[in-house]
Amino acid sequence: MSDFNRSAPVEWGLRAYLLLIFAFVFAPIAASFVFSFNVDRFPSLPLGGFSLTWYQQVAADPLVWEGLRNTLIAGITVSVLATALGFGAAYTDFRYNFFGKSLYLALALLPPTIPVVILGLAMLAFLANIGLSGAIHSVIIAHVVMCAPFAMAIIRLRLSQMDPSLEAAAWNLGASQWVAMRHVILPFCRPALFAALFITMAVSFDEFAVSWFVSGLNETLPVKVLGFLQGQVSPKINVIGTFVFITSMTLVVLAQILLVKRSTGRAAGQ
């Protein structure tokens with residue numbers, strides 16, 4: 001059977017359509033990046049001049065550093081906890097068959113499908129009832145609920161590529177379940193574990209709505225942006241937005257590199 005070949009006009013049309021989609025999605029982000037170097041207070045074209053004034057003001061603002069500290073604490077803690085929970089959930093799905101497994105998977109992967117406003121209100125009500133609202137650990141708990149399904153999905157995909165008999169072979173050779181986990185399962189899942197760490201950290205780093213509901217006075221960096229927007233438009237939001245975007249994209253790209261590199265290496269080995 002011959003390969004399907006598109007005509008040249010169709011091929012170029014599809015490429016142009018794809019470029020337009022990317023331009024539409026990334027144009028506001030690119031504009032924020034450009035205006036972060038604008039000497040004028042209000043965004044306008046042409047630029048009033050190139051300046052690092054707003055970056056200097058952000059660097060000298062203690063509120064920004066406080067928000068960054070809270071964001072880093074939450075992001076690192078959430079990535080570790082969410083990856084651990086995601087691994088446990090993915091391994092349970094991989095190793096065991098039990099009644100209600102479909103319901104188990106549906107509930108485990110449910111949080112990202114819930115609107116963030118509804119999830120934020122629910123987390124606020126729950127944490128307030130148990131006396132845990134308005135602190136940094138409130139943000140961590142809420143973000144773990146959001147991020148664990150992402151980690152589970154990534155690790156579950158990796159485990160689906162593993163031959164289940166490998167672990168059984170380790171047991172037959174005298175390894176305990178913990179030894180087999182350490183020397184067979186975890187090394188095989190290592191790229192997915194690191195990818196899950198980066199992805200969940202990026203999700204936590206970007207999250208605004210749920211953080212706004214549960215953080216109280218311990219605001220993360222995205223929540224701090226709202227403070228700059230209240231009452232007046234501050235060019236600092238362009239600087240903070242640029243920083244958050246670059247950081248998040250770096251984490252996502254690292255995760256993609258780990259997954260693609262491992263998949264490519266596995267395919268080459270076969």
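Residues numbered from 1 in each chain as written. Predicted model: local features only at pLDDT ≥ 70, side-chain atom pairs only at ≥ 80, totals over all residues. Heavy atoms only, no water.

(A) Quick peek at the packing of helix α5 (residues 116-129) against helix α6 (residues 136-159). It is at 11 Å that the axes of α5 and α6 come closest, and there the two elements cross at 135 degrees. As far as their axial angle goes, α6 and α5 are oblique. Between α5 and α6 lies a crossing whose hand is right-handed. Contact residues: Val116, Leu119, Met123 and Leu127 in α5; Ser138, Ile141, Ala142, Val145 and Met146 in α6. Of the residues assigned to the contact of α5 with α6, the class counts are 8 nonpolar, 1 polar and no charged. (Axes fitted to C-alpha atoms, helices over the stretch in contact; angles between N-to-C directions. Helix = DSSP H or I, 4+ residues; strand = E, 2+ residues; numbered from the N terminus. Parallel < 35°, antiparallel > 145°, perpendicular 65-115°, else oblique. Left-handed = near helix turned anticlockwise from the far one by under 90°. Contact = heavy atoms within 4.5 Å. Nonpolar A, V, L, I, M, F, W, Y, C, P; charged D, E, K, R; others polar.)

(B) Local environment of the packing of aromatic side chains. With the rule as written, the count across this model stands at 6 aromatic pairs. Considering the side-chain rings of Phe87 and Tyr91, the 6.2 Å spacing of their centres and the 20 degrees angle between planes classify their relative orientation as stacked. Of this pair, Phe87 and Tyr91 both sit in helix α3 (residues 62-95), 4 residues apart, which is roughly one turn of that helix. Residue classification places Tyr91 among the buried residues on the basis of a relative accessible area of 10%. Ring centres of Tyr91 and Tyr96 lie 6.5 Å apart, and the angle between their planes is 90 degrees; this geometry places the pair in the edge-to-face category. Using a relative accessible area of 41% as the deciding quantity, one classes Tyr96 as partly exposed. Pairwise contacts between aromatic rings join Phe87, Tyr91, Phe94 and Tyr96 into one cluster. Residue placement shows Arg15 over the ring face of Trp12; its charged tip is 5.1 Å from the ring centre. The ring of Phe188 carries Arg158 above its face, with NZ or CZ at 3.9 Å from the centroid. (Phe/Tyr/Trp six-rings, centres within 6.5 Å; stacked < 30°, edge-to-face > 60°. Buried < 20%, exposed > 50% of the residue type's maximum accessible area, 1.4 Å probe, protein only. Lys NZ or Arg CZ within 6 Å of the ring centre and 35° of its normal.)

(C) Focus on helix α8 (residues 177-206). The first and last C-alpha atoms of α8 sit only 38 Å apart over 30 residues, clearly below the 44 Å expected at 1.5 Å per residue. Of all the bends in α8, the greatest reaches close to 55 degrees and is centred on Arg190; the proline Pro191 follows between one and four positions later. (Expected span 1.5 Å × (residues − 1). Bend = angle between axes of the 7 residues up to and from the residue.)

(D) Fine view of the pattern of salt bridges. Counting across every chain of the model gives 2 salt bridges. The shortest N-O distance in the salt bridge between Asp93 and Lys101 comes to 3.4 Å. Accessibility classification places Asp93 together with Lys101 in one group, the buried group. Its salt-bridge partner being Asp93, residue Arg156 comes within 2.5 Å of it at the nearest N-O pair. One end of the pair, Arg156, is in helix α6; the other, Asp93, is in helix α3, with 63 residues separating them in the sequence. Residue Arg156 is classed as partly exposed on the basis of its relative accessible area of 33%. Taking relative accessible area as the criterion, Asp93 reaches 11% and is therefore assigned buried. Beyond isolated ion pairs, a larger network of salt bridges with shared partners links Asp93, Lys101 and Arg156. (Salt bridge = Lys/Arg side-chain N within 4 Å of Asp/Glu carboxyl O.)

(E) Fine view of the nonpolar core. Judged by nonpolar contacts, the single largest core of 25 residues is most densely connected at Phe87, Ile155, Leu159, Met162, Ile185 and Cys189. Only α3, α6 and α8 provide two or more residues apiece to this core. Not counting the four nearest positions on each side in its chain, Phe87 is found in contact with Ile155, Met181, Ile185, Leu186, Cys189 and Leu193. Counting 16 residues, the second-largest nonpolar core is a separate cluster that includes Val78, Leu127, Val144 and Val210. (Core = buried A, V, L, I, M, F, W, Y, C linked by side-chain atoms within 4.5 Å.)

(F) View of the packing of α3 against α6. Relative to each other, α3 and α6 sit at 40 degrees, their axes nearing to 6 Å. Between α3 and α6, the crossing angle belongs to the class labelled oblique. For α3 against α6, the interelement crossing comes out right-handed. Looking at the contact of α3 with α6, its residues break down into 21 nonpolar, 5 polar and 2 charged.

(G) How the structure looks around helix α1 (residues 8-35). Over its 28 residues, α1 runs 38 Å from end to end, which matches the ideal 40 Å to within 8%, given 1.5 Å per residue. The largest bend in α1 comes to about 45 degrees, at Phe26, with the proline Pro28 one to four residues further on.

(H) Up close: the side chain of Thr71. With respect to the secondary-structure elements, Thr71 resides in helix α3. Look past the residues within four positions of Thr71 in its chain and what remains in contact with it is Phe205, Thr220, Leu221 and Pro222.

(I) Structural view of the environment of Met249. Looking at the element boundaries, Met249 is found in helix α11 (residues 236-269). Remark: the alpha-carbon pair of Met249 and Phe198, spanning 51 residues in sequence, is separated by 10.0 Å.

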